[in-house]
Amino acid sequence: MGEKATKISRNTYTKGELFGYLVGMFGQNLIYQVIAAGLVSIYLGTVLYIPAGVVSAIIFAARIWDAINDPMMGTIVDRTHTKWGKCRPYLIFFPVIIGAFTILCFVNGIYTNPGASQALIIAWAAASYIIWGMLFTVCDIPLWGITSLMTEDQDDRAKIIGLARMAAGVGGIGTVIAFIPDAFTKMFAPKYDAMVAAGEITQQVANNEAKKAAWIFTVIVVTVVATIFFEVAGLVTRERVPGDAEDKRGIVENFKIMWGCLPFRQILISGVLRSPLQLLMLLAMPLMLYYYTDNNLMENAFKFDNGLRIVKIAIIGIAVFVPQFAAMAITPMLVKKFENTKIYNFFSVAGAVPYVLIFVVYLVFKGNLLGWAGVVITAICIGLASASMGGINVMQSIMIADCVDYEEYHKGYRPDGVFFSGQSFLTKLSGGIAAVIQGVVYSVVKFSDKNLDDINYRLTQGEHFYQIDNGKYAAAMFFLISIPIAAGMLLSALPMKKYGMTDAEHKDMLEALVEKRKGGSDEAAEEAE
């Protein structure tokens, strides 16, 4: 049986398809970061000055809708049967539409007269963000779901998922969008400076309007490039694992399937409990922008610490991203040697430790982590924390793909779309819960709305972020990327203590499924003869 499965498993993707898929994954996540790290983390709150509580409400409302929308899209994917397959059509036709709506999310509040109605700005933000989320789901579920259709080989599947997580992590370079607009602000400043000279607006308003225009310019350039990359996945991939020829299950039935599959249910519950983990990526760029550059990279990165502040920023940035990639690369190798649940729970429990230490270090250094000792120790803690995030993300995807096999083995159908809609839902729900936590903390310390406008102006007048109002805003940021995440990591291990499928059981299921498909192909060939 083992030898047969090995031979049959050669029905897998080519190197060209793998490369094209990873290029598309990079492009998709570049767009995601434009929204997550650009719109949600910075633009809505610190450029449009929408109150933190309102931003959290918008994001949470979008996530509630996703609870319905994602399984609906998963159902649609599973019922799709075209000459391209069931996932590829969405990857071919929708990236351009997603790119267009990404830009529309930022074209908000640009009118003839600066300072447009706040109610209209909030309405635009809510509508455009919710529509964007729906469109993103249309491609996100097929992009991950196709990994279980490109190969029948378990090792190749673990490989492509691990590499996909790495490509998604590389797409995380989009978080630097937090810094780029500062480079173009002066390009748009003359228009608003003239309005200041004419007495139409204040200098504070002029500064913000120039930054707003620079943001929109940056988003257009980055999104166009990202959309081109995103499109590649749909054009070069192929689906090799046959789906259900007559899949007519409705959304209610698919909800029952999702909840009825024990291992998948455990992954969902674990993922929801781990939601605060998204705070790390949500706050990574705002923290570096405010804490290390006083909200102006171009002016201050080379100005402080004898010009070495940029090196310190780079060290923290490397700590946020590089360990994630390393963990993503190593995890598929660990899967070959250790039980999936042991790896998953190790990343959860052990990963909680460095998250706690981040805030402990902040307190020990009394809020001033700008010296070399503070930077290095903080980077070590963030690096270890980031590695746990990368590893657990890969494990989640691998185990969801295994659940698709579990369901096919026990029920006779492959719910690729529905189950990977669960992953999409987890990602977005986690972001929503993280945003609510952030919004609550920001509202408590008043790092929001007009007070944030005043803070930004004070920073332009020479004050330092880590000292403003006795450092309470900096403390709030360091708290958010520490204690809530550690608690979520520990809680996420609880549902996985008695996981509903061992690796040995999955291996037997997969071999039986491959043999069954092979038998069906042989029978079809004999009938054709």
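Here we summarise the structure given alongside this text. Since we're looking at a predicted model, the values are computed, not measured.

### Remarks on the overall build of the protein chain
Okay, step 1: When its secondary structure is counted, the protein chain shows 21 helices and zero strands.
Okay, step 2: Radius of gyration (C-alpha) of the protein chain: 24 Å, near the 24 Å computed for a compact globule of 529 residues.
Okay, step 3: Here the protein chain holds 529 residues, and the buried ones make up 59% of them.
Okay, step 4: Across the protein chain, every contact between residues at least 6 apart in sequence was considered, and the portion connecting residues at least 24 apart equals 86%.
Okay, step 5: With 43 positive and 44 negative side-chain charges, the protein chain shows a separation of 4 Å between the mean positions of the two kinds.

### Section: the packing of aromatic side chains
Okay, step 1: In total, this model carries 24 aromatic pairs according to the counting rule given.
Okay, step 2: Seen in terms of ring centroids, Y90 and F94 are 6.3 Å apart; in terms of plane orientation they differ by 35 degrees. Their pairing is tilted.
Okay, step 3: A relative accessible area of 12% places Y90 in the buried class.
Okay, step 4: Their ring planes at 50 degrees and their centres at 5.2 Å tell us that Y290 and F465 sit as a pair that is tilted. Pair noted here: Y290 is in helix α12 (residues 278-293) and F465 is in the loop between α18 (449-460) and α19 (472-480), with a separation of 175 residues, a long-range link.
Okay, step 5: Classification of Y290 as buried rests on a relative accessible area of 2%.
Okay, step 6: Assessed through its relative accessible area of 0%, F465 is described here as buried.
Okay, step 7: In this structure an aromatic cluster arises from ring pairing among Y291, Y292, F359, Y362, Y466, F478 and F479.

### A closer look at the side chain of T12
Okay, step 1: Structurally, T12 is set in the loop between α1 (2-8) and α2 (15-47).
Okay, step 2: Polar contacts involving the side chain of T12 include one to the side chain of D156, which spans 3.0 Å.
Okay, step 3: Apart from residues no more than four positions distant in its own chain, T12 is found in contact with M150, T151, D156 and R240.

### Focus: the nonpolar core
Okay, step 1: Formed by 153 residues in total, the largest nonpolar core has its most connected members in Y21, F106, Y291, Y355, F419, F447 and F478.
Okay, step 2: The element that contributes the greatest number of residues to this core is α2, accounting for 17 residues.
Okay, step 3: Apart from residues lying up to four places away in sequence, F478 is in contact with L287, Y291, Y292, I358, F359, Y362, L369 and T378.
Okay, step 4: Of all hydrophobic cores here, the second largest spans six residues; its members include Y192, M195, I201 and A210.

### Things to note about a nonpolar patch on the surface
Okay, step 1: Side chains of V353, V356, L357, V360, V364, F479 and I483 sit close together on the surface and give an oily, nonpolar patch of about 530 Å² of accessible area.
Okay, step 2: Its location among the elements puts V364 in helix α15 (residues 340-364).

### Some words on the side chain of T102
Okay, step 1: Along the chain, T102 turns up in helix α5 (residues 95-106).
Okay, step 2: Taking relative accessible area as the criterion, T102 reaches 0% and is therefore assigned buried.

### Here's the deal with helix α17 (residues 416-445)
Okay, step 1: In a regular helix each residue adds 1.5 Å, so 30 residues correspond to 44 Å; α17 covers 44 Å between its end C-alpha atoms and thus fits that length.
Okay, step 2: One or two steps after α17, the chain reaches K446, where phi turns positive at roughly 65 degrees.

### Observations regarding α18
Okay, step 1: Along its twelve residues, α18 runs 17 Å from first to last C-alpha, staying within 8% of the 16 Å computed at 1.5 Å per residue.
Okay, step 2: Those residues of α18 that sit buried are L452, D453, I455, N456 and L459. One face of α18 carries all of its buried residues, which in axial projection span an arc of 160 degrees.
Okay, step 3: Looking at the packing, one finds that the buried side of α18 touches α2, α9 (203-236), α12 and α19.
Okay, step 4: Positive phi shows up at G462, right after α18, with a value of about 105 degrees.

### Considering the packing of helix α16 (residues 372-411) against α17
Okay, step 1: Where α16 meets α17, the axes come as close as 9 Å, and the angle between the chain directions of the two elements is 155 degrees. Taken as axis vectors, α16 and α17 run roughly antiparallel relative to one another. Of the two possible hands of crossing, α16 and α17 adopt the one that is right-handed. On α17, the residues touching Q396, S397, I400, A401, C403, V404 and E407 of α16 are D416, F419, F420, Q423 and L426.
Okay, step 2: Of the residues contributing to the contact of α16 with α17, the split by class is seven nonpolar, three polar and two charged.

### Focus on unusual backbone geometry
Okay, step 1: Phi at Y49 is positive, roughly 60 degrees, even though this residue is not glycine.
Okay, step 2: Counting through the fold element by element, Y49 comes out in the loop between α2 and α3 (52-78).
Okay, step 3: Among the residues examined, Y49 registers a relative accessible area of 7% and is labelled buried.
Okay, step 4: Of note in the backbone geometry, D294 takes a positive phi value of approximately 55 degrees without being a glycine.
Okay, step 5: Assignment of secondary structure puts D294 in the loop between α12 and α13 (297-300).

Parameters and conventions
Numbering of residues starts from 1 in each chain and follows the order in which that chain's sequence is written. Reporting of local features is limited, given that this is a predicted model, to residues whose pLDDT is at least 70; pairs of side-chain atoms are given and counted only at 80 or more, and all residues count toward the totals for whole chains, interfaces and linings. As a convention, hydrogens and water are excluded, and side-chain values are obtained from all of the structure's heavy atoms. Numbering of helices and strands runs from the N terminus, with a helix taken as a DSSP run of H or I at least four residues long and a strand as a DSSP run of E at least two residues long. With C-alpha atoms as the basis for the radius of gyration, the globule rule is written as 2.2 Å multiplied by the number of residues raised to the power 0.38. Burial classes: relative accessible area under 20% of the type maximum marks a residue as buried, over 50% as exposed, and values in between as partly exposed (1.4 Å probe, protein chains only). Residue contacts are counted whenever heavy atoms from the two residues lie within 4.5 Å of one another. Charge convention: Lys and Arg are scored as positive, Asp and Glu as negative, and His as well as the terminal groups of each chain are ignored. All charge positions are set by atom: Lys at NZ, Arg at CZ, Asp at CG, Glu at CD. In this analysis, rings of Phe, Tyr and Trp, with Trp reduced to its six-membered ring, are considered paired at centre separations within 6.5 Å, and the interplanar angle assigns stacked below 30 degrees, edge-to-face beyond 60, and tilted for intermediate values. N or O atoms within 3.5 Å of each other form a polar contact, as long as, within protein, one can give a hydrogen and the other can take it, and as long as residues adjacent in sequence are counted only when both atoms are side-chain atoms. Put simply, a nonpolar core is a bunch of buried Ala, Val, Leu, Ile, Met, Phe, Trp, Tyr and Cys residues held in one set by side-chain atoms that sit within 4.5 Å of each other. Within this analysis, patches are made of residues with over 30% relative accessible area and no salt bridge. Like charges are joined at 9 Å or less; nonpolar side chains (Val, Leu, Ile, Met, Phe, Trp, Tyr) at 5 Å or less. We get accessible surface area from the Shrake-Rupley algorithm with a probe of 1.4 Å; when it comes to residues, only the shown protein chains can shield them. We count a salt bridge whenever a side-chain nitrogen from Lys or Arg sits within 4 Å of a carboxyl oxygen from Asp or Glu. Between the first and last residue of a helix there are one fewer steps than residues, each counted as 1.5 Å, and that sum is the expected span. To obtain the arc, one takes the directions from the helix axis to the C-beta atoms. Geometry is summarised by axes, namely lines fitted to C-alpha atoms with helices restricted to the contacting stretch, and by angles between N-to-C directions that run from 0 to 180 degrees. Roughly parallel here means an angle under 35 degrees, roughly antiparallel means over 145, roughly perpendicular means 65 to 115, and every remaining angle is called oblique. By definition, turning the near helix anticlockwise from the far helix through less than a right angle yields a left-handed crossing, and turning it clockwise yields a right-handed one. Under the scheme applied here, ten amino acids are nonpolar (Ala, Val, Leu, Ile, Met, Phe, Trp, Tyr, Cys and Pro), four are charged (Asp, Glu, Lys and Arg), and all others, including Gly, are polar.

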